[in-house]
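Take a look at the letters that make up each chain.
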Amino acid sequence: MHYSVRSLIRSAAFTVSAVLTLALGIASATALFTIVNGVLLHPLPYRDSGRLLEPAEPMMAADFRDIQSQNNVFEQMAMYEQGRYVLSKGGEAQFLTSEAISPGFFSMLGVAPLFGRSFEPREYEPGAANIVLLSYAVWARSFDSDPRILGSSIFLNSRPYIVIGVLPRWFRFKDRWFAGDTDVWLPLALTPSQLEQHGGPKWTPKGPAQDSYSVQIIGCLKRGVTIEKAQRNFDGILERLAAEYPQDKALLKNSQLYSLTSLQAGPIAGILWPLFGGAALLLLVACVNVSGLTLARGLARRREMAIRSVLGAPRRKIAGHFLIESLLLSFSGAVLAIPISIGLLDVFKFLAPPAYAPWFQHAGIDRWVFLFAVLAVLLCTVFCGLLTAVVCSRSDPNSDLKSRVGSCSNLRTGRGFNAQKWLLIVQIGAAMLLLVAASLMGRSLWLVLHENLGFDPHNVAMVSLLSANYQNPDAARSKAFEQQLLDNVKTLPVIQLAAFSQVDFKGVAELPFSTSASPSGPADSLPTAYWWGVTPEFFSLMHIPLVRGRYFSNADALNTEPVVVVNQTLAHIFFSGSNPVGKRITYFTYDPLLKKVDAEIVGVVPDTKMTGFRLPAGPEIYTCLWQQNWAFASLFVRSDASHAALVSALREKIRQTDQGFALLDAKPVEQAVEESFFARPKFLTFLFAAFSLLALMLTIVGIFGAAALSVTRRTREIGIRVALGAQKKHVLKTVLWDASITCLSGVTIGVIAALVLTRLIRSWLYGISPSDPITFIVSAILLLVVCLVASYIPSRRALRVDPAVTLRYE
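Residues numbered from 1 in each chain as written. Predicted model: local features only at pLDDT ≥ 70, side-chain atom pairs only at ≥ 80, totals over all residues. Heavy atoms only, no water.

### Here's the deal with the overall build of the chain
Phase 1 of the analysis: Broken down by element type, the chain carries 23 helices and 24 strands.
Phase 2 of the analysis: When burial is assessed residue by residue, the chain has 50% of its 810 residues classed as buried.
Phase 3 of the analysis: Within the chain, contacts between residues separated by at least 24 positions form 82% of all contacts whose residues are at least 6 apart in sequence.
Phase 4 of the analysis: For the chain, the accessible area works out to roughly 37,100 Å², and carbon and sulfur atoms hold 60% of it. (Helix = DSSP H or I, 4+ residues; strand = E, 2+ residues; numbered from the N terminus. Buried < 20%, exposed > 50% of the residue type's maximum accessible area, 1.4 Å probe, protein only. Contact = heavy atoms within 4.5 Å. Areas by Shrake-Rupley, 256 points an atom, 1.4 Å probe, with all protein chains shown as cover.)

### Quick word on the confidence of the model for the chain
Phase 1 of the analysis: Taken residue by residue, the chain gives an average pLDDT of 79. The fraction at 70 or more is 79%.
Phase 2 of the analysis: This model gives residues 204–208 a pLDDT under 50, and the stretch forms 9 contacts once residues within four places in sequence are excluded.
Phase 3 of the analysis: Note that pLDDT drops below 50 for residues 405–415; the model gives that stretch 20 contacts with residues more than four away or on any other chain. (pLDDT = per-residue confidence, 0-100.)

### Digging into the nonpolar core
Within soluble globular proteins, side chains that are nonpolar generally end up buried alongside one another.
Phase 1 of the analysis: Membership of the largest hydrophobic core comes to 71 residues, with the highest contact counts inside it found for I26, L275, F688 and W764.
Phase 2 of the analysis: Counting residues per element, the ones that place at least two in this core are helix 1 (2–41), helix 8 (268–300), helix 10 (315–351), helix 12 (367–393), helix 14 (415–449), helix 19 (669–713), helix 21 (728–757) and helix 22 (773–799).
Phase 3 of the analysis: At 14 residues, the largest contribution of residues to this core is made by helix 1.
Phase 4 of the analysis: Each residue touching W764, except ones within four places of it in the same chain, is listed here: G270, I271, P274, L275, M441, S444, R614, R680, L684 and F688.
Phase 5 of the analysis: Grouped together as the second largest cluster of nonpolar side chains are 55 residues, F455, L485, L650 and A666 included. (Core = buried A, V, L, I, M, F, W, Y, C linked by side-chain atoms within 4.5 Å.)

### Details of the pairing of strand 12 (residues 214–221)
Phase 1 of the analysis: Where burial is concerned, most of strand 12 is hidden: 7 out of the 8 residues are buried.
Phase 2 of the analysis: In terms of strand pairing, strand 1 (residues 52–55) meets strand 12 through 2 bridges, oriented antiparallel. Its bridge partner lying in strand 12, L52 is registered against C220.
Phase 3 of the analysis: Taken together, the 2 bridges between strand 2 (residues 59–60) and strand 12 define a ladder with antiparallel strand orientation. Following the sheet pairing, M60 is matched in strand 12 by S214.
Phase 4 of the analysis: As paired elements, strand 3 (residues 74–89) and strand 12 share 6 bridges and run antiparallel to each other. Of the residues in strand 12, the one forming a bridge with A78 is I218. (Pairing = 2+ DSSP bridges.)

### Some words on the packing of aromatic side chains
Both the distance between ring centres and the angle between the ring planes are used here to describe each pair of aromatic rings.
Phase 1 of the analysis: With the rule as written, the count across this model stands at 27 aromatic pairs.
Phase 2 of the analysis: Between Y80 and F105, the aromatic rings sit 5.7 Å apart at their centres with planes inclined by 65°, giving edge-to-face as the arrangement. In this pair, Y80 is assigned in strand 3 and F105 in helix 3 (residues 105–109), connecting sequence segments 25 residues apart.
Phase 3 of the analysis: Among the aromatic residues, those joined into a cluster by ring pairs are Y46, Y80, F105, F106, F119, Y124, W170, F171, F173 and W185. (Phe/Tyr/Trp six-rings, centres within 6.5 Å; stacked < 30°, edge-to-face > 60°.)

### Focus: the pattern of salt bridges
Phase 1 of the analysis: Inspection of every chain in the model, using the stated rule, returns 14 salt bridges.
Phase 2 of the analysis: Here R51 makes a salt bridge to E75, at a shortest N to O gap of 3.7 Å. Remark: E75 occurs in strand 3 and R51 occurs in the loop between helix 1 and strand 1; sequence separation between them is 24 residues.
Phase 3 of the analysis: We classify R51 as buried; its relative accessible area is 12%.
Phase 4 of the analysis: For E75, a relative accessible area of 44% corresponds to the partly exposed category.
Phase 5 of the analysis: The salt bridge involving R584 is made with D598; its shortest N-O contact spans 3.0 Å. With R584 in strand 20 (residues 584–590) and D598 in strand 21 (residues 593–605), the pair connects residues that are 14 residues apart, well separated along the chain.
Phase 6 of the analysis: Assessed through its relative accessible area of 29%, R584 is described here as partly exposed.
Phase 7 of the analysis: We classify D598 as partly exposed; its relative accessible area is 39%. (Salt bridge = Lys/Arg side-chain N within 4 Å of Asp/Glu carboxyl O.)

### Considerations on the environment of K733
Phase 1 of the analysis: By the element assignment, K733 lies in helix 21.
Phase 2 of the analysis: We classify K733 as exposed; its relative accessible area is 61%.

### Quick look at the environment of S516
Phase 1 of the analysis: For S516, the position within the fold is in the loop between strand 16 (509–515) and strand 17 (528–534).
Phase 2 of the analysis: As for S516 and R584, which are separated by 68 residues in sequence, their C-alpha atoms are 6.2 Å apart.
Phase 3 of the analysis: When neighbours within four sequence positions are excluded, S516 is seen to be in contact with F575 and R584.

### Digging into a nonpolar patch on the surface
Phase 1 of the analysis: Judged by side-chain polarity, W368, F370, L371, V374, L375 and L378 come together as a nonpolar surface patch covering roughly 590 Å² of accessible area.
Phase 2 of the analysis: Following the sequence through the fold, L371 ends up in helix 12. (Patch = residues over 30% accessible without salt bridge, like charges linked within 9 Å, V, L, I, M, F, W, Y side chains within 5 Å.)

### Looking at the packing of helix 2 (residues 61–70) against helix 6 (residues 227–244)
The description of two packed helices rests on the angle between their axes and on the distance between the axes.
Phase 1 of the analysis: Two numbers describe how helix 2 lies on helix 6: the axes approach to 10 Å, and their chain directions differ by 130°. Judged by the inter-axis angle, helix 2 sits oblique to helix 6. In the packing of helix 2 onto helix 6, the handedness of the crossing is right-handed. Contact with helix 2, carried on its side by D63, D66, I67 and Q70, involves F234, I237, L238, R240 and L241 of helix 6 and no other residues of that element.
Phase 2 of the analysis: When the residues that make up the contact of helix 2 with helix 6 are grouped by side-chain class, the tally is 5 nonpolar, 1 polar and 3 charged. (Axes fitted to C-alpha atoms, helices over the stretch in contact; angles between N-to-C directions. Parallel < 35°, antiparallel > 145°, perpendicular 65-115°, else oblique. Left-handed = near helix turned anticlockwise from the far one by under 90°. Nonpolar A, V, L, I, M, F, W, Y, C, P; charged D, E, K, R; others polar.)

### Quick word on helix 21
Phase 1 of the analysis: Between its first and last C-alpha atoms helix 21 spans 43 Å; for 30 residues at 1.5 Å apiece the expected length is 44 Å, and the two agree.
Phase 2 of the analysis: Taken as a whole, helix 21 has its buried residues at V731, L732, V735, L736, A739, S740, T742, C743, G746, V747, G750 and A754. (Expected span 1.5 Å × (residues − 1).)

### Looking at unusual backbone geometry
Phase 1 of the analysis: A positive phi angle, near 55°, is found at D144, a position not held by glycine.
Phase 2 of the analysis: For D144, a relative accessible area of 67% puts it in the exposed group.

### Brief notes about the side chain of T623
Phase 1 of the analysis: Its place among the elements puts T623 in strand 22 (residues 620–624).
Phase 2 of the analysis: A distance of 2.9 Å separates polar atoms of two side chains, one belonging to T623 and the other to W531.
Phase 3 of the analysis: In contact with T623, not counting residues within four places along its chain, are W531, W532, G533, V534, F552, V563, V564, Y587 and Q628. (Polar contact = N/O pair within 3.5 Å; in protein donor to acceptor, adjacent residues only side chain to side chain.)

### As for the side chain of K609
Phase 1 of the analysis: Mapped onto the elements, K609 comes out in the loop between strand 21 and strand 22.
Phase 2 of the analysis: Excluding anything up to four places from it in sequence, K609 contacts E451, N452, L453, F455, L615, F677 and Y766.

### Let's talk about the pairing of strand 3
Phase 1 of the analysis: Across 2 bridges, strand 3 lies against strand 7 (residues 153–156) in antiparallel orientation. Counterpart to L87 in the pairing with strand 7 is L156.

Below, the structure is given as structure tokens:
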């Protein structure tokens, strides 16, 4: 009775551990596949979305017309151009993204207005009435889903537009991964001059010519045409156009075609596949673990299988018995994996960086995810049950009937023992691979978090402002507004410092420059420097110390001699470490385009990481905004007040200063830095750490179980050794040596795999090589220690058995 209860407990423990192990593996793989499917594999909600292609860069309208008439691979083609508008409503200004489209755009995507009408042919002509289609989101958010909006006027960029329709709720369009969903749609009305332009945008001393217009091209492939064929046809057309219009230097540089799916996925595609690989590796570890447990259980039941065989059961029925048991385990694990995978999906969405959140939010379970889960169950069934079925169905019934529990028989050197040993080696290798990847990500994250940014983001807020006259900015009015707003903001008791800057922590402009010590020449032949325009208080506000010279002052005005502040890298490289203060530097601005400015260097500051920690330290140039005709910049304020109270106070000051401007967005600089610099490495490190931790736990369980079984099989051998006078420490050393060989074999396989596969995450690492020897050595030692500890415990228990009792088993 006691033996039956103990057997029942062991059987229940085996079942629970196997089901939990498979549930964790299946849930992790399914959750990641759900995101991969939703982002990369699931078709976009447009008609024939898999056949939609776009070139890398915009082109001129005349190039589009030539491509449209000369190609034989596209079924339909259209133009569109992204823009930005300001909706003035109720005394508030709202920022909207827009798309101006050519005829055929909506029909190619298979979309029609939810109510109202679409654009008519005559409305694509220059001089037609101002009309607009609203997205469902803007209609619901800004107009309270009022159906009476049809036919009414709304003000975009201070001009009236007639609303003619609202697009369906499902229709959301973005042309690139970094763009937001389009809010309003307008007809693309190009002049005859614009339709005939080749060679790229036309430039004037003040920037692009008013009549110059570049557009994005989108086309739908004919059925049966591959992307490769379309690319060859597209390249041929561009080569002919480049020969006909040699001034169009950019034609051949931007000829690569991309699917709309890949353009909208952007860099997240390179992140999801390695993450899915990590989840699949965890599923493999789970399957190997359960396969080892199942094999151990099958070997323990060899007498039962021998009796079945003697009584006439064929081998295929014995093998089928184990496969059915494995199927039940896998199915139970899949059932338990359903709520776990849903929970993991929510965790992924919660932890995902804001830049990736839009894709993650739309990922959900569909028939493809269900099919993947079914395949995962079948994989687990075959993997976990097939080896046991083969080994146990081919055993020798005569030998198994003679063997007893605790007898070594021929099992130690038999097929079952070797199979389980190889399973353990594979499991250790997979765990080693995940452990190395997680360690590399962890060390990289530590270096990132301890990187000296060169500025202090604490208690600083960044406020984006918007003018209702956005498309035709008045630089003089903007500058007067900024100067007056600074004076008004400084009167707030919660504000310590305030300044304007063009820093946004997402990107940076680069200016060609030369110094008195370096050769000058055309702009395209000169070195470049990171560039920001700032007002005088910005350095003190961001706690950027002064190394030499002075900061900007309010005396540095529009009509005074241009001055700049440079960083130490520029001073060291271009002035050989000497004091650059008082020396001259020449740079080319974008306002107007490539205007040559000769300025005096008045100060030197340390290098900063406002461009991002991944960009190498390079020359930096700060110009004074008061000396520029630049229309827009962000307001930075240092304050100890709560963010909500600060935003409310700033909004009121902006309204009092000029009602033509509005607060578009406000966020703490810490949040902006976190989103731009740290969110992605934290997210990736967390996922890989979670995968490796789970794999390590499963490996520990597998090693412990395999070691316990191995020692149990060798109990008689151990008893004989002790009875003949062998010291227990020597016996223990022999057992641990065997475990070490197994572990080292698995670690070796894992190291080789890691040296090859960790190169896939090279772009995710910072300050560390994917083949960093310290990481590999520490991971290998950790895994070896875990293996030895897991083997030591059952070995010590076996050594406590009385040798006389052990020998009676035979």
